[in-house]
Amino acid sequence: MVLVAIVTPAFADEKLPVLEAGSDVYSNVTVTAVTATDIYFTYAGGMANAKLKNLNPELQKHFHYNALKANAVEQKQAADNAQYHHQLIGQSSSQPVDNTSRAQSSASVPAPETGKKLWAKSFLNQKAPDLIVEKWLTPEPDCRGKFVLIDFWATWCPPCREAIPELNGYHEKFSDKLVVIGLSDETEEAVRKLVDPQIEYAIAIDTQARMKNVVGVTGIPHVLIIDPQGIVRWEGFPFLQGYELNEKVVAGILAKYSN
């Protein structure tokens, strides 16, 4: 279980013309939450967070920063994350003991066409299930005529968070052909609290996990890449050794299955 730091609501909506955190400077800041270790806020450029230890002494005092308490929280977070990884690695011996071990919640099954381990049903080269969204947390993307990458994820999942920078990269590099969508079955509040790493692609929630259940996802992150005709052209855990999803793989799919 990963430790969740207690949020202090007293400073929510407090406004600062400028916030300096180390070498970073933010303008037009509105505080959204403060924990023992971090301050979360919106600013002129979007959403961000900063470590309280990087603020000047005056602001540290204002936000009740306690170095001993913050250090204890960070140590507990590190220990909890290590325990989380250890528990997953120690699951069934039928699961691979490598980078993928962090994502599994049940045993894998081989994909019929490729033999690749999956923690979901295989839809490769088949019609993709319908995308079911309860609420978009960003503007709804226009998917017409484009490939769609759907990432089943959650904020509490370490490898899901590790995948975000890669997904940001696909969103930026292939935006003319590819729509990237992160789909979580968590609450809106839980997803909006995640500000590090910052997500730059489309985000939606479905607390009923309807598409996730149709796909049979039992381990996250799980990614589907769907071509403009609605056919699944890639599926699986993006960090699976020997089957990693990367920029070269995405580019190849877009080139091969484009009209």
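None of these values were measured; they are calculated from a predicted model. (Residues numbered from 1 in each chain as written. Predicted model: local features only at pLDDT ≥ 70, side-chain atom pairs only at ≥ 80, totals over all residues. Heavy atoms only, no water.)

Colleague: Would you mind showing me how to read helix H6 (residues 247–257) here?
Modeller: Owing to its 3.6 residues per turn, the α-helix aligns residues three or four sequence positions apart on the same side. Within the span of H6, buried status applies to Val-250, Ile-253, Leu-254 and Tyr-257. Looking down the long axis of H6, one finds its buried residues gathered within 95 degrees of arc, a one-sided arrangement. More than 90 degrees from the buried face of H6, the exposed residues found are Lys-248, Ala-255 and Lys-256. Its side-chain oxygen 3.1 Å from the backbone nitrogen of Lys-248, Asn-246 forms the N-cap of H6. (Buried < 20%, exposed > 50% of the residue type's maximum accessible area, 1.4 Å probe, protein only. Helix = DSSP H or I, 4+ residues; strand = E, 2+ residues; numbered from the N terminus. Arc of directions from axis to C-beta. Polar contact = N/O pair within 3.5 Å; in protein donor to acceptor, adjacent residues only side chain to side chain.)

Colleague: Which parts of the structure should I look at to understand the nonpolar core?
Modeller: When a protein is soluble and globular, its nonpolar side chains tend to lie buried together. Among the nonpolar cores identified, the biggest contains 45 residues, and Leu-149, Phe-152, Tyr-170 and Leu-178 are the most heavily contacted of them. In terms of residues, this core owes the most to one element, strand S8 (residues 147–153), which gives six residues. Those residues within four positions of Tyr-170 in sequence are excluded, and the remaining contacts are Leu-149, Ser-175, Leu-178, Val-180, Leu-245, Asn-246, Glu-247 and Val-250. (Core = buried A, V, L, I, M, F, W, Y, C linked by side-chain atoms within 4.5 Å. Contact = heavy atoms within 4.5 Å.)

Colleague: Just checking my understanding: could you explain the pattern of salt bridges for this structure?
Modeller: Side-chain pairing between opposite charges can occur once the charged atoms of the two side chains come close. Following the criterion strictly, the structure yields eight salt bridges and no others. Between Glu-188 and Lys-135 there is a salt bridge, and its shortest N-O distance comes to 2.7 Å. One end of the pair, Glu-188, is in helix H4 (residues 188–193); the other, Lys-135, is in strand S7 (residues 135–136), with 53 residues separating them in the sequence. Salt bridges sharing partners connect three or more residues here, namely Lys-135, Glu-188 and Arg-192. (Salt bridge = Lys/Arg side-chain N within 4 Å of Asp/Glu carboxyl O.)

Colleague: Would you take a moment to explain the side chain of Ser-184 for this structure?
Modeller: Take Ser-184: it is sitting in strand S9 (residues 178–184). A distance of 3.0 Å separates polar atoms of two side chains, one belonging to Ser-184 and the other to Glu-186. With sequence-adjacent residues up to four places away left out, Ser-184 is seen in contact with Trp-153, Ala-154, Val-191, Ala-204, Ile-205 and Asp-206.

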